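# Observations on chain architecture
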Amino acid sequence: MPRNPQPKFESWGRYPRLHANVVPLSWTTDFPLAKPPATKLLPVGAGRSYGDVCLLDGGTLLKTRGMDRLLHFDPQTGILCCEAGVTLAEILDFAVPRGFFLPVSPGTKYVTVGGAIANDIHGKNHHVAGTFGCHVPRFELVRSDGARFVCSATENADWFSATIGGMGLTGLISWAEIRLRPIVSRAIQYRGTKFIGIDEFVALSQASAQPVYTVAWIDCAATGNNFARGIYMQGDHSSMPGELTPSKRPWLTLPLDLPEFALNRFSVSLFNTLYYNKQRAKEKTGLVDYEPFFYPLDSLLQWNRMYGKSGLLQFQCVLPWEADHQMGIVKILKAITASGLASFLAVLKVFGDVPSPGMMSFPAPGITLALDFPIRTEVSFDLLDRLARITQEHGGRMYPAKDARMTAEEFQSFYPQWQAFARYIDPAFSSAFWERVTARG
Ligand SMILES: Cc1cc2nc3c(=O)[nH]c(=O)nc-3n(C[C@H](O)[C@H](O)[C@H](O)COP(=O)(O)OP(=O)(O)OC[C@H]3O[C@@H](n4cnc5c(N)ncnc54)[C@H](O)[C@@H]3O)c2cc1C
């Protein structure tokens, strides 16, 4: 077999690693989309997706990070217009000193605006604010035939809907508008409440007067009386005027891949026990800075190296309220503890019912669970297959941005609208994810 001369690329999970060419784009670059391209194309932002949604084996990745200009800001409406390669970190650096914040933020600020729209990302305020796409009034889409058009709820509305959550397949987003929200301080009014069991988590998350941000950390290694223990974290932007300074740059980088045995059932159990007991009282309140509240992992750059060279797999599902969701989550947690695979970054959250404009958007009303596993041949893949089956049995679905494993049959049952969506895919665009989940058996 001749050697593939293209370099290999990986996403945040470092699995899979696939060959591709890279074309860096900048505002002044003529998009190389007008001529028929020699290979299939895929836009890529900061590569912070976990699986293969931002990879394309043997294709050309259109790297958008060079498209990093803020174009216009209206402090009256809070609407910021920027190029699609701008990161949420760059937006915060600009917006916080002016008294504005992101409308929706994921657990890392190192993602681009294009990536945030294409995966229609969600944050801790999904129950009140919906997804990122709910706060994007307009964007421009560039197609491989050179056509460019503005999309919004009223202009090219079907392209607007297909592109939000469209996984980069409908064309390249060149710029977008985002509606920011006003704040008066960097501080977050925080409340952490310890819980044991999914029933207690559900009761906490259904209590009246929920603040804007809610999420729970859950200890996936705990068994017996401690099964499904965790900390329910709530927060709101402080209403007391305070500091509005930009964040400091993180200075800690994980310098090397940890050996694979470093993350094991015992080290994770120990970490989880320390984390759970860090908060002594059942309830803790106070003011915290937004950085550790939203982005606890961003303080250690390249933390994915903790999982060793083999990388990690993410799993995120949502189980709808109508199904026996509590039983489903319990089954998933039991399958994880039984596998012996460790996950210390497990997050549980309730999604609300704010509809997304995106045709293929992942969130749905119900409970979502997200977690990481180190890749250990066979055990991790078997476990993920099991979790996908439980998700399917409970009428749920899995998140493409965090997937390297779901089968075509699973994807097509999770997203029955996939064929309607496929009509909007640019003929020159594809992704490793899309090829996997639409492969014929
Ligand atoms: C630590 C961590 C925490 C996270 N927490 C969350 C969370 O809480 N909620 C959540 O929803 N997600 C979360 N994610 C996932 C992450 O937010 C998404 O995968 C996001 O899409 C990554 O953006 P990116 O810029 O890195 O895009 P990439 O990963 O590079 O690409 C993602 C998709 O966007 C497409 N794309 C990128 N740019 C463009 C463009 N200009 N035009 C068209 N398509 C484009 C790509 O083709 C690809 O399909 C987390 C990831 C990490 C690493």
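Figured I'd write up the structure that's included with this text. None of these values were measured; they are calculated from a predicted model.

### What about the overall build of the chain?
For the chain, the count of helices and strands is 12 helices and 21 strands. Taking 2.2 N^0.38 as the reference for a compact globule, 441 residues should give roughly 22 Å; the C-alpha atoms of the chain span a radius of gyration of 21 Å, in line with that estimate. Considering only C-alpha atoms, the chain reaches an extent of 65 × 60 × 45 Å along its principal axes. For the chain, the residues scored as buried account for 47% of the 441 residues in total. Sequence separation of 24 or more characterises 77% of the internal contacts of the chain that already satisfy a separation of 6 or more.

### With respect to the site of the ligand
Surveying the vicinity of the ligand reveals 33 residues, the closest of which are G45, P106, G114, G115 and G168. Elements that contribute at least two residues to the shell around the ligand include exactly β3 (41-44), α2 (113-118) and β10 (172-179). Ranked by residue count, the leading element in the shell around the ligand is α2, at 4 residues. A per-class count over the shell around the ligand returns 18 nonpolar, 14 polar and 1 charged.

### Details of the nonpolar core
Of all hydrophobic cores here, the largest spans 113 residues; its most connected members are I117 and A176. Tallying contributions element by element places strand β18 (residues 312-320) first for this core, with 6 residues. With 6 residues, the next largest nonpolar core counts I188, Y290, F294 and Y295 among its residues.

### Examining the environment of A118
By secondary structure assignment, the location of A118 is in helix α2. In the structure, A118 is positioned 55 residues away from I173 in sequence and 8.6 Å away in space, judged by C-alpha atoms. Setting aside its immediate chain neighbours within four residues, A118 contacts G166, M167, G168 and I173.

### With respect to the environment of N21
Position of N21 relative to the elements: it lies in strand β2 (residues 18-26). Take N21: there are 17 C-beta atoms within 10 Å of it, and that puts it in the partly exposed class. Filtering out sequence-adjacent residues up to four positions away, N21 remains in contact with Q6, T39 and T60.

### Description of the pairing of strand β5 (residues 70-74)
Bridge analysis of β5 against strand β6 (residues 79-83) gives 4 bridges, and the strand direction is antiparallel. Bridge assignment links L70 to a residue of β6, and that residue is C82.

### Quick word on the sheet that holds strand β14 (residues 229-237)
Pairing is antiparallel across the open sheet formed by 8 strands, whose spatial order is β16-β12-β14-β13-β19-β20-β18-β21. The sheet is open, and its two edges are formed by β16 (283-289) and β21 (397-398), each paired on a single side. For strand β12 (residues 187-196) and β16, the ladder comprises 7 bridges, and the chain directions are antiparallel. By the bridge assignment, A187 is partnered in β16 with D289. In the packing of helix α5 (residues 198-206) onto the sheet, the strands contacted are β12, β13 (213-218), β14 and β19 (347-351), and the crossing angle to β12 comes to about 145 degrees.

### Regarding unusual backbone geometry
The omega torsion across Y15 and P16 is -5 degrees, close enough to zero to call that bond cis. Even without a glycine there, the phi angle at R14 is positive, about 65 degrees. Along the polypeptide, R14 turns up in the loop between β1 (8-9) and β2. One non-glycine residue, Q302, lies in the positive phi region at around 60 degrees. Within the element layout of this structure, Q302 appears in the loop between β17 (300-301) and β18.

What counts, and where the lines are drawn
Residues numbered from 1 in each chain as written. Predicted model: local features only at pLDDT ≥ 70, side-chain atom pairs only at ≥ 80, totals over all residues. Helix = DSSP H or I, 4+ residues; strand = E, 2+ residues; numbered from the N terminus. Rg over C-alpha atoms; globule rule 2.2 N^0.38 Å. Buried ≥ 20, exposed ≤ 12 C-beta atoms within 10 Å, placed from the backbone. Contact = placed C-beta atoms within 7 Å. Near = placed C-beta within 6 Å. Nonpolar A, V, L, I, M, F, W, Y, C, P; charged D, E, K, R; others polar. Core = buried A, V, L, I, M, F, W, Y, C linked by C-beta atoms within 7 Å. Pairing = 2+ DSSP bridges. Axes fitted to C-alpha atoms, helices over the stretch in contact; angles between N-to-C directions.

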